Amino acid sequence: MAVPVAFFALFFAYPVTAIVGRGLKAEGDWQFGRIGEVLSRPDILDVLWFTTWQALASTALTLLIALPGAYVFARFDFPGKQVLRAVVTVPFVLPTVVVGTAFLALLGRGGLFDELWGVRLDTTVWAILLAHVFFNYAVVVRTVGGLWSQLDPRQEEAARVLGAGRFAAFRRVTLPALAPAVAAAALMVFLFTFTSFGVVQILGGPAYSTLEVEIYRQTAQLLDLPTAAVLTLVQFAAVGGILAVHAATVRRRERALKLVDPAQTSRRPRGAGQWALLGGVLLTALLLILLPLGVLVERSLDGPGGYGFGYYEALQSVGAGGSSTFLVPPLEAVGNSLRYALVATLIALVIGGLAAAALTRRAGRLVRGFDALLMLPLGVSAVTVGFGFLITLDKPPLDLRTSWILVPLAQALVGVPFVVRTMLPVLRAVDDRLREAAAVLGASPLRAWREVDLPLVRRAVLVAAGFAFAVSLGEFGATVFIARPDNPTLPVAVARLLGRSGELNYGQAMALSTILMLVCAVSLLLLERIRTDRSGEF
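Residues numbered from 1 in each chain as written. Predicted model: local features only at pLDDT ≥ 70, side-chain atom pairs only at ≥ 80, totals over all residues. Heavy atoms only, no water.

Applying the stated rule across the entire model yields six salt bridges. Asp43 serves as the salt-bridge partner of Arg41, at 3.0 Å between the closest nitrogen and oxygen. Overall, the relative accessible area of 32% leaves Asp43 in the partly exposed class. The closest approach of N and O atoms between Asp122 and Arg120, which form a salt bridge, is 2.9 Å. A single salt-bridge network, built from bridges that share partners, covers Glu115, Glu298 and Arg299. (Salt bridge = Lys/Arg side-chain N within 4 Å of Asp/Glu carboxyl O. Buried < 20%, exposed > 50% of the residue type's maximum accessible area, 1.4 Å probe, protein only.)

As structure tokens, this is what we get:
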């Protein structure tokens, strides 16, 4: 536990505490009255209200659209199922900047809807809601569908034999069993949409601002640290409550259900109704997931002189089209992102692996607190973490502001929770008697880990590495503060290009987003090939 605790204390608790403390202190005294002042401002109340209701609306819309998909993946066996499972999961590992860019190409000025019907939905709440459904569709499909596939269908069939109709049997038998999984999925979707940053920043325009976007605005544009500190505390408290409810829901689900092998519940569709349902899910995947991604690729190829690779070629030069956005060719951001993500993945595997091993072997309040510590980066603004790095890690022996390692450290903070959640169930499933037998035969703890645990959890480690790599590759909130102008990451480069006017900048943003999407998709497809049912679901 010592190494993960030291890592989080130094690179998470210290920067966040410092930035919040600087915002709430004046002349050495704590000014807690600022909390009431900030929260009573009409503009801040509007931000809090919009953050909450758009998260609730996004969650409800995601459940409505994704639950039929969860049923299809759980109960039906059809050609291309594994490929479709990977396709619907691609949005979840895409950076939010790419999601926002894809929907901008679909719904924004000059987008597909604008060209065909003269309809623009960018800078409207509908664009935000649709992008959130696109991003979180896989959360519901995997979380609910994974449990649904293991529920014994004979219970619902028994209710039908006893006279219950199809809907009544579902409502009284299946739905209560699924309720904890649905609640867990809903809470996770609410968490992701409540802390939404890149999607809202790109699609919302100045009219819409979530807490995360407002924290960025107050910190980076207005330099109002007191307001940013209060909003950070509000977001941390809200997300902490969400995570606590989610943990209780997961524990209840694990204790309450008896599950069967998914192979026993999956079969080919039968009857017109089931084939129609499968067709509807495939159509949803086409319109909701493939269409935005396809339009993104099409816009990256649609240059002033016709279709071609002009925008991709422009990424190789500095200042193309009169732009001074970059000190280096934008294409160098690809190499930067890959290097940063690889280092961040290595850090996340070391820290997360040690943490998962500690959680496997210990119990009690100390370990429960340690487990909660690992999830804290999901509850604190990434913008706060990034700005905190700049104002705290600036003195020897930790003067890292000019060091390249700063970006991987920030990315690893987000990757560690994914590593822990992927490895922990598998480590807990390893029989302690195997370790004890190795110890009796003279193996040291390190050798027992190498000879017993590692072969059993090797696939889980690869899956964890895949998720950590994808998440690190797309991290934006903290990286936007600490990425140097001569070493930008892909999400930062896309955001900078979108922030400048001009057709060339827009086309280059589409091209970079397409590259980032392809890298994430390849990572996910490789992950899908090596995952197991136990270690690969989330």
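Still more to cover.
Let us now look at the side chain of Gln274. Following the sequence through the fold, Gln274 ends up in helix α13 (residues 271-301). Owing to a relative accessible area of 17%, Gln274 belongs among the buried residues under this scheme. Aside from chain neighbours lying at most four places away, what touches Gln274 is Phe76, Arg267, Arg268 and Pro269. (Helix = DSSP H or I, 4+ residues; strand = E, 2+ residues; numbered from the N terminus. Contact = heavy atoms within 4.5 Å.)

The next point concerns the side chain of Thr514. Locating Thr514 in the fold gives a position in helix α23 (residues 503-530). Only 2.8 Å separates the side chain of Thr514 from the backbone oxygen of Met510, close enough to count as a polar contact. If near-sequence neighbours (up to four positions away) are discounted, Thr514 is found in contact with Leu296, Val297, Ser300 and Tyr312. (Polar contact = N/O pair within 3.5 Å; in protein donor to acceptor, adjacent residues only side chain to side chain.)

What follows is about the nonpolar core. Counting 160 residues, the largest nonpolar core has Phe7, Leu94 and Phe389 as the members making the most contacts within it. Apart from the residues within four sequence positions on either side, Phe389 is in contact with Phe11, Pro15, Leu406, Leu409, Ala410, Leu413 and Ile482. (Core = buried A, V, L, I, M, F, W, Y, C linked by side-chain atoms within 4.5 Å.)

Any segment with low pLDDT has predicted coordinates that should not be analysed in fine detail. Across the protein chain, the average pLDDT comes to 82, with 90% of residues at or above 70. When the elements of the protein chain are averaged for pLDDT, helix α24 (residues 533-536) gives the smallest value, 41, and helix α3 (residues 42-75) the largest, 92. (pLDDT = per-residue confidence, 0-100.)

Once that is clear, we can look at the packing of aromatic side chains. Evaluation of the coordinates by the stated rule reveals 15 aromatic pairs. What links up through ring pairs into an aromatic cluster is the set Phe197, Tyr216, Phe387, Phe476 and Phe481. (Phe/Tyr/Trp six-rings, centres within 6.5 Å; stacked < 30°, edge-to-face > 60°.)

Right, let's get into the environment of Leu504. Turning to its location among the elements, Leu504 is positioned in helix α23. Each C-alpha atom, one on Leu504 and one on Gly310, is 9.4 Å from the other, the two residues being 194 residues apart in sequence.

With that settled, consider a nonpolar patch on the surface. A contiguous nonpolar surface patch, about 350 Å² in accessible area, is contributed by Val3, Leu346, Val350 and Leu354. A total of three residues in the nonpolar patch trace back to one element, the largest contributor, which is helix α15 (residues 332-361). Examined against the element boundaries, Val3 turns out to sit in helix α1 (residues 2-24). The partly exposed category is assigned to Val3, whose relative accessible area is 46%. (Patch = residues over 30% accessible without salt bridge, like charges linked within 9 Å, V, L, I, M, F, W, Y side chains within 5 Å. Areas by Shrake-Rupley, 256 points an atom, 1.4 Å probe, with all protein chains shown as cover.)

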